[in-house]
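Summary of the model geometry
Listed here are the chains, written in short residue letters.
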Amino acid sequence: MKPFSIYNTLSRSVEVLKPLDPPTVTLYSCGPTVYLPQHLGNLRSYLSWDFLRRALELNGYRVRHVINVTDVGHMTSDEDEGEDKIEKTARAEGKSPLEVASFYLAMFQHDLAMLNAEPPQVWCRATDHIPDMLALIERILAAGMAYVTKSGVYFDVERYRGTNQLGKLSRQSLAEQNAGQRLEHSPDKKSPHDFALWVLNRPGHLMQWDSPWGRGYPGWHIECSAMSMKYLGETIDIHTGGMDHIPIHHENEIAQSESATGHRFVDYFVHGAFLVDKSGAKISKSAGKFPLLSDLSAMGLDPLAFRLFCFGAKYRSELALSDEGLRAAQASLDYLREFAGNVPAEAVVPEDSDFATRFRDQFVEALNDDLNTPRALAAAREMVAEANRRGDRKIWNTLEFFDRVLQLDLQKTRAAAQSTEFPAEVQKLIDERAAARRTKDFQRADRLRAQLEAQGYEVKDGRDGAATYRRRAR
Ligand code: AMP
Ligand code: ZN
């Protein structure tokens, strides 16, 4: 079996993963700014990192995963300009910034749980880590890569980069990198490219802390460097984020981190592509209207259909959200669950039938080939189709193995379908139906059958008057 490999934005190539301290893999994912609900686009990103994490675990790695929570310092543009996003919502909703952040963080964590995304070992909030950020800024200053002015402590980008050197990630010159940005030159910054590590003298900002340079608050980029170093060490294996983070946020994280430590910040930078709408536009909060996970249940979809929808596309490819696509994912989910719900006890054997091995290899190989989830999903589906064709359902171990990454609750589905214990109200309907059948009141028996079916139960009447009841796979 080929080892796990992944596309590294730093080298622009798919590389075999070589963690610094195997079997541990350190994984840092840039987290959300918690000022609005996370839309399906945001959730797609975190699902990709969940697929990554579980694929690594399938390979025997122990992943230490950290996700940060931005609750201060992210301005309405990525370039330090505009208003603090959290404070903007706080003013609009008449709440404190802490209330806003806690509310939207809880909503995000709830959505991730609905999607069977494994929580990281550490959730870290920026406002809980101000001392770590101050200490890191001191190191950057000591290295001569930052300077203090009246309006803040700034990272000296030109000093670090030189005017001609290309960015490590974006491979663009500063001029190219900034062509698409609205850089405002505050009078006391040496260069418009310099970014704030610490912001001073903004009396209107609600959240402020003391610092060696005066009261103020951190810039957005410094939080990720400080928290990833605190929890994962000065050099980490994998750092993830959306493609939008390449030119500014991650370029800045590298610059400030490597200036402070003098060594490499991240070995593998992994970036995810966007979820787009039908017209190809990125789903974004700035558009004003954006789809949420809760909208899917109104369409009669299971949240895990969205998980499967994302699994069906490669993390590096744009994915277009559509009703048809979501419904197809739901149909795929139903197909796998229908099978799981119908695996009888005698098909659960220590060794699966031989043909399962081929699909198991295909599944792992696909994941190990730059996290090719669509190919892995195809292998899972084909195995089930093959089992149906052969009438040989001895593939349960392999299916459960796939579900360690797929996370479609296949085990739960089977357990529910196998269960002969029914909730009290269902048992009552079953008993009433049995009585109706005994007294040959078939109209009543049919009404009760319809009621049971509406509640998700399958009813089969045997010739001898016995009936079997089973929870449907979905
Ligand atoms: P934000 O809260 O906008 O900073 O985004 C949080 C994370 O979601 C970042 O890693 C973004 O790159 C990612 N993200 C934002 N919009 C989308 C989208 N439409 N598709 C995929 N990821 C997204
Ligand atoms: Zn970050």
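Structure: above.
Report on the accompanying structure.

What counts as what
- Residues numbered from 1 in each chain as written.
- Chains lettered and ligands numbered in written order.
- Predicted model: local features only at pLDDT ≥ 70, side-chain atom pairs only at ≥ 80, totals over all residues.
- Heavy atoms only, no water.
- Helix = DSSP H or I, 4+ residues; strand = E, 2+ residues; numbered from the N terminus.
- Buried < 20%, exposed > 50% of the residue type's maximum accessible area, 1.4 Å probe, protein only.
- Contact = heavy atoms within 4.5 Å.
- Near = heavy atom within 4 Å.
- Polar contact = N/O pair within 3.5 Å; in protein donor to acceptor, adjacent residues only side chain to side chain.
- Areas by Shrake-Rupley, 256 points an atom, 1.4 Å probe, with all protein chains shown as cover.
- Pairing = 2+ DSSP bridges.
- Axes fitted to C-alpha atoms, helices over the stretch in contact; angles between N-to-C directions.
- Donors = N, O, S within 2.8 Å, 3.2 Å for Na, K, Ca; no water.
- Tetrahedral: all angles 85-135°; square planar, octahedral: opposite > 155°, others 65-115°.

Considerations on the overall build of the chain
Scanning the chain from N- to C-terminus turns up 17 helices and 15 strands. Here the C-alpha coordinates of the chain stretch approximately 90 × 55 × 40 Å along the principal axes. Of all 474 residues assigned to the chain, the portion counted as buried reaches 55%. Contacts in the chain between residues at least 24 apart in sequence constitute 74% of all its contacts with a sequence separation of at least 6.

Considering the site of ligand 1
Around ligand 1 lies a shell of 15 residues, among which Gly41, Asp244, Leu275, Ile283 and Lys285 are the nearest. Between ligand 1 and Asp244, the relevant distance is 2.6 Å, taken from an oxygen atom to a side-chain nitrogen or oxygen of the residue. The fraction of the free accessible surface of ligand 1 (480 Å²) that becomes covered by protein chains is 95%. With 4 residues, helix α1 (residues 40–58) is the largest single contributor of residues to the shell around ligand 1.

Topic: the environment of Ala106
The topology assignment puts Ala106 in helix α3 (residues 97–114). Separated by 72 residues in sequence, Ala106 and Val34 have C-alpha atoms that sit 9.4 Å apart.

What about the sheet that holds strand β8 (residues 195–200)?
Taken together, 4 strands build an open sheet; the order of strands is β6-β7-β8-β9 and the sheet is antiparallel. Edge positions in the sheet fall to β6 (146–148) and β9 (216–218), since each of these pairs with one other strand and no more. Shown here is a sheet whose adjacent strand axes are inclined to one another by a mean of 20 degrees, direction ignored. Looking at chain direction, β6 and strand β7 (residues 152–155) are connected through 3 bridges and run antiparallel. Its bridge partner lying in β7, Tyr147 is registered against Tyr154.

Regarding the coordination of the zinc ion (ligand 2)
Surrounding the zinc ion (ligand 2) are the protein donor atoms Cys30 (SG), Cys224 (SG), His249 (NE2) and Glu253 (OE), which sit 2.0 to 2.6 Å from the metal. Geometry at the zinc ion (ligand 2) is irregular, judged from its 4 donor atoms and the angles of 74 to 127 degrees they form at the metal. Expressed as a motif, the donor residue spacing for the zinc ion (ligand 2) is C-x193-C-x24-H-x3-E. You can see His249 and its partner Glu253 sitting in helix α8 (residues 246–261), 4 residues apart, about one turn around the helix. The same class applies to His249 as to Glu253, namely buried.

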